Number of protein chains: 2
Amino acid sequence: MTKVNIDISISLDGFITGPNPRPGEGLGDGGAALHEWAFKLRSFQEQHGREGGETGRDDDVLAEGFSKAGAFLMGRSMFDLAEEPWGESPPFHAPVFVLTHEQREPLPKQGGTTFTFVSDGIESALTQARQAAGDKDVAIAGGASVIRQCLAAGVVDEMQIHVTPLLLGSGTLLFDESTAGVSLEPTRSIEGDGVTHLRYRVGDRG
Amino acid sequence: MTKVNIDISISLDGFITGPNPRPGEGLGDGGAALHEWAFKLRSFQEQHGREGGETGRDDDVLAEGFSKAGAFLMGRSMFDLAEEPWGESPPFHAPVFVLTHEQREPLPKQGGTTFTFVSDGIESALTQARQAAGDKDVAIAGGASVIRQCLAAGVVDEMQIHVTPLLLGSGTLLFDESTAGVSLEPTRSIEGDGVTHLRYRVGDRG
């Protein structure tokens, strides 16, 4: 059955972007370092249309995430910040449903990514994403606001957090008061190279 | 050589207490759950003067921390909140240096714990704690304010964070803007039972 997953890199002090995310610097000041563990890996390179890269435990974790995702759900702010850097062949290679308040025609890109804009709410977007995912999973790509809405609504099945050794001090927090009490059951912890991959089964708010 | 360590349990959203810490509920609402992984363990029981308890990987990690600590450094708020529940035989079994603005006579307790009150600043307290620790280490016991001061001052050598599967939503954050940019190098990650133990070598602020 299709599951709904979150898979995201975070600083040790809880941020998924540095301060001041903006077009051209979508991860904010210093935020790109959150993904440094992944850049050098083979499946990251492959996902971005390039060859080479390191294999090993971190690459296995990353490849597993990519292979499970049959569709993505994304907030409008994240789309706006990242559309340009993603270019003509975005690294999803699957349908992406973008939550927005505007009606807009679907935007097909190269490599299997099509952005579909959903203006009638998160439940509708999730339903469409589940259908599009087939027997694979729906990945909540971000940003923080969409992730938190999904956690608070109890629609997330699994969450994997890649904890990086960074103290950013400010930026976009992944969790806030709206996610208080969401129940988490640890299912796996993998020590990587400069990162630890923590996986949880996610329940409702207690 | 004596090292300065931090060893503390944290929620996945970064809190070391729940909301509203107060006498009798020093860890705030829901905060005791941060230490649930430890309560059942043999070295926790032993440290609190009781017998029995589970052994295994988590117990090894906890025992290692206890065995390395030759002296403790603590803030006044933490002391005030916890003095009563700790009772006549506090779980330190070593000298504890309490940062305060008042002058006060040392307070010896049973089992090797003596609280010494230091009113001339954190550097003086650290110097005294280093001397008292002999060839063991100094453990920064808390609270958050003292830990952050030590991190920001670049005097911490090692930090171990026990990440628990809790989203508390509010309470006392371990890190804030004052700890932004402190350099961390992961040295160990151990998957426990309902907890992951992350260890870092700590450097200066970048």
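(A) Representation of the confidence of the model for chain A within the structure. The share of residues in chain A with pLDDT of 70 or more is 100%, and the mean pLDDT across the chain is 96. The ipTM for the predicted assembly is 0.95, set against a pTM of 0.96.

(B) Looking closely at empty space enclosed by the protein. For the structure shown, the criterion picks out two cavities of 30 Å³ or more. Surrounding the largest cavity, 14 residues form its lining, Ser11, Leu12 and Val163 of chain A together with Ser11 and Leu12 of chain B being those nearest its centre. Those elements giving two or more residues to the lining of the largest cavity turn out to be strand S1 (4-11) and strand S8 (158-164) of chain A together with strand S1 (4-11) and strand S8 (158-164) of chain B. Taken together, Pro186, Arg188, Leu198, Arg199 and Tyr200 of chain A together with Val163, Thr164, Pro165, Gly194, Val195 and Thr196 of chain B make up the full set of residues lining the second largest cavity. If you list the elements that add at least two residues to the lining of the second largest cavity, you get strand S10 (182-191) and strand S11 (196-205) of chain A together with S8 of chain B.

(C) Just the relation of the copies chain A and chain B, in detail. At an RMSD of 0.0 Å, chain A and chain B line up after a rotation of 180° and a shift of 0.0 Å along the axis. Here the copies are linked by what is in effect a two-fold axis. Judged by C-alpha distance, Gly14 of chain A is the residue of chain A that lies nearest the rotation axis, at 3.3 Å. A high fraction, 100%, of the interface residues of chain A reappear at the interface in chain B, so the copies pair face to face through one surface.

(D) Fine view of the pairing of S1 of chain A. All names here are of chain A. Here S1 lies mainly inside the structure; seven of its eight residues are buried. Summarising the sheet, S1 and strand S7 (residues 137-142) pair through three bridges and their orientation is parallel. Directly across from Val4, in S7, lies its bridge partner Val138. In this structure, S1 lies alongside S8, joined through seven bridges in parallel fashion. Considered in S8, the bridge of Ile6 is made with Met159.

(E) Quick peek at the sheet that holds strand S5 (residues 107-108) of chain B. Residue and element names in this part refer to chain B. Strand order in the open sheet formed by nine strands is S5-S6-S4-S3-S7-S1-S8-S11-S10, with mixed pairing between adjacent strands. The outermost strands of the open sheet, each flanked by one partner alone, are S5 and strand S10 (182-191). Packing of helix H5 (residues 122-133) onto the sheet brings it into contact with S1, strand S3 (69-75), strand S4 (95-99), strand S6 (114-118) and strand S7 (137-142), and relative to S3 it is tilted by some 160°.

(F) Summary view of helix H4 (residues 76-86) of chain B. All names here are of chain B. Looking at H4, one finds that the buried residues are Phe79, Ala82 and Trp86. Down the axis, H4 shows its buried residues gathered within 100° of arc, on one side only. Counted as exposed and oriented over 90 degrees from the buried face of H4: Ser77 and Glu84. Where the residues of H4 are buried, they touch S3, S4, S5 and S6.

(G) Structural view of the interface of chain A and chain B. The interface is formed by 27 residues belonging to chain A together with 27 residues belonging to chain B. When the area that chain A buries against chain B is broken down by residue, the three leading residues are Leu12, Pro165 and Leu167 of chain A, summing to 29%. The tally of links from chain A across to chain B stands at zero salt bridges. Counting across the chain A and chain B interface gives four residue pairs in polar contact (both at pLDDT 80 or more). Listing elements by their share of the side of chain A that touches chain B, those giving two or more residues are S8, S10 and S11 of chain A. Of the residues in the side of chain A that touches chain B, the class split is 14 nonpolar, eight polar and five charged.

Definitions and limits used
- Residues numbered from 1 in each chain as written.
- Chains lettered and ligands numbered in written order.
- Predicted model: local features only at pLDDT ≥ 70, side-chain atom pairs only at ≥ 80, totals over all residues.
- Heavy atoms only, no water.
- pLDDT = per-residue confidence, 0-100.
- 1 Å grid on protein atoms, 1.4 Å probe; cavity = no way out; pocket = protein on both sides within 12 Å on 5 of 7 lines; lining within 4 Å.
- Points joined across faces, edges and corners; volume = space filled by probe spheres on them.
- Helix = DSSP H or I, 4+ residues; strand = E, 2+ residues; numbered from the N terminus.
- Least-squares fit on C-alpha atoms with pLDDT ≥ 70 in both.
- Contact = heavy atoms within 4.5 Å.
- Buried < 20%, exposed > 50% of the residue type's maximum accessible area, 1.4 Å probe, protein only.
- Pairing = 2+ DSSP bridges.
- Axes fitted to C-alpha atoms, helices over the stretch in contact; angles between N-to-C directions.
- Arc of directions from axis to C-beta.
- Buried area = accessible area lost by both parts, 1.4 Å probe.
- Salt bridge = Lys/Arg side-chain N within 4 Å of Asp/Glu carboxyl O.
- Polar contact = N/O pair within 3.5 Å; in protein donor to acceptor, adjacent residues only side chain to side chain.
- Nonpolar A, V, L, I, M, F, W, Y, C, P; charged D, E, K, R; others polar.

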